[in-house]
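One letter stands for each residue in the lines below.
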Amino acid sequence: VQLQASGEGLAQAGGSLRLSCAASGDTFSSHRMGWFRQALGREREFVACINWSGRMTGYADSVKGRFTISRENAKNTVYLQMNNLKPEDTAVYSCAAYRMRDSVCATNAQEYDYWGPGTQVTVSA
């Protein structure tokens, strides 16, 4: 599966952005999906995940209550709605996929096989 993220942008602290990740090349509804981010000089970290049906989601503690992951299988797209953004959310965000239909929401990057190029999110104070 090929992944392409969009929604790159600049926001002020307290603002909102929505990232999208469009998939092609395989049955999107057969994949777990996840969002990860990497800030400059830091390791990649888990942000959010969603299972194939959308019924199971998970979040990093740092974004819980502010970010929402969702998916539209009919549009082959997963979203990350980011509200109440903070400067520490500044990072390159990447979406990832793993072909599995189950109730698992995978939080470990090693559990994903496919990665899209990242998209930059910058939050100013």
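Going by the structure above, here's the rest.
Small disclaimer: the values here were computed from a predicted structure and weren't measured. (Residues numbered from 1 in each chain as written. Predicted model: local features only at pLDDT ≥ 70, side-chain atom pairs only at ≥ 80, totals over all residues. Heavy atoms only, no water.)

**Description of the pattern of salt bridges**
As a working rule, side chains carrying opposite charge can pair if their charged atoms are close by. Counted under the stated rule, the structure contains seven salt bridges. Of the charged contacts, one joins D89 and R66 as a salt bridge, the two residues approaching to 2.7 Å between their closest N and O atoms. Taken together, the positions of D89 in the loop between β8 (77-82) and β9 (91-99) and R66 in the loop between β6 (57-59) and β7 (67-72) put the pair 23 residues apart, joining distant regions of the chain. Just as D89 is buried, R66 falls in that class too. Overlapping salt bridges, with partners in common, bring together R37, E45, R66 and D89 in one network. (Salt bridge = Lys/Arg side-chain N within 4 Å of Asp/Glu carboxyl O. Helix = DSSP H or I, 4+ residues; strand = E, 2+ residues; numbered from the N terminus. Buried < 20%, exposed > 50% of the residue type's maximum accessible area, 1.4 Å probe, protein only.)

**Examining the nonpolar core**
Grouped burial of nonpolar side chains is what soluble globular proteins tend to show. Membership of the largest hydrophobic core comes to 36 residues, with the highest contact counts inside it found for W35, L80, M82 and Y93. Put simply, the parts of the chain that give this core at least two residues each are β1 (2-6), β3 (17-24), β4 (31-38), β5 (45-50), β7, β8, β9 and β11 (119-124). (Core = buried A, V, L, I, M, F, W, Y, C linked by side-chain atoms within 4.5 Å.)

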